[in-house]
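# Per-entry structural report
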Amino acid sequence: GDGKFDAVLAKLGAGLGAGVSWAADQAAVIIDAAKAQYGPARDWTTAQLDNLGELVAQLPLDDLRDISLDALAAAGVYAQFGIDQLEALADRFGPLAADKLEALLAQLPIGDGKFDAVLAKLGAGLGAGVSWAADQAAVIIDAAKAQYGPARDWTTAQLDNLGELVAQFPVDDLLDISLE
């Protein structure tokens with residue numbers, strides 16, 4: 001209602017500062033209060049997700065599987081998730097519009113392993129003979145280039161993360177990749 005809960009949650013979601021985070025039991029109490037105020041995770045808006053801030057990293061996987069990917073793409077909290085959560089969310093990216101996919105991938109910081117985990121999950125494909133649409137594949141490949149730099153500088157592990165997406169990698173970039 002009156003915005004007071006949102007303001008308090010935003011303060012709590014901003015964290016304790018200086019590398020101190022909420023204990024799991026504390027986070028669970030705050031998340032339960034958010035559910036009581038906002039309803040189930042599937043109904044949460046971008047603003048509500050932003051209010052949760054770093055607390056999203058404490059969300060149970062069942063709640064993550066319900067969150068609207070459109071709301072999540074517009075929120076600024078995607079990078080707060082742990083690798084297991086990011087991989088669980090990536091399982092749902094198949095029907096996601098390319099611009100939403102781009103917004104999510106752009107939130108991942110360089111060099112902390114999160115992008116690598118998500119890319120490996122996306123590179124593993126959608127299963128059952130379903131492929132990424134050309135616009136989705138282009139977004140994923142562009143995000144990989146933004147993370148890893150020019151293809152000529154990629155490691156074998158980074159190229160392996162592309163998985164089946166390597167088939168949609170631009171030929172000119174493939175020719176630049178070292179064969180070592």
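Here, every reference points to the structure presented above.
So, here's what we can say about the structure.

Each value, and the rule that gives it
Residues numbered from 1 in each chain as written. Predicted model: local features only at pLDDT ≥ 70, side-chain atom pairs only at ≥ 80, totals over all residues. Heavy atoms only, no water. Helix = DSSP H or I, 4+ residues; strand = E, 2+ residues; numbered from the N terminus. Buried < 20%, exposed > 50% of the residue type's maximum accessible area, 1.4 Å probe, protein only. Contact = heavy atoms within 4.5 Å. Axes fitted to C-alpha atoms, helices over the stretch in contact; angles between N-to-C directions. Parallel < 35°, antiparallel > 145°, perpendicular 65-115°, else oblique. Left-handed = near helix turned anticlockwise from the far one by under 90°. Nonpolar A, V, L, I, M, F, W, Y, C, P; charged D, E, K, R; others polar.

## A closer look at the overall build of the protein
Along the backbone of the protein there are eleven helices and zero strands. Order of helices (α) and strands (β) in the protein, N terminus to C terminus: α-α-α-α-α-α-α-α-α-α-α. Along the three orthogonal principal directions, the C-alpha set of the protein runs to about 60 × 35 × 25 Å. Burial status across the protein gives 38% buried among its 180 residues. In the protein, of all internal contacts separated by at least 6 residues, the share reaching a separation of at least 24 is 71%.

## Re the packing of helix α7 (residues 98-106) against helix α9 (residues 134-148)
Contact pair α7 / α9: the axes reach a minimum separation of 9 Å and the direction vectors enclose 15°. Classed by the angle they form, the pair α7 and α9 counts as roughly parallel. Note that α7 runs across α9; the crossing there is right-handed. Along the contact surface, α7 presents A98, L101, E102 and L105, while α9 presents D135, Q136, V139, I140 and A143. In the contact of α7 with α9, the residues fall into six nonpolar, one polar and two charged.

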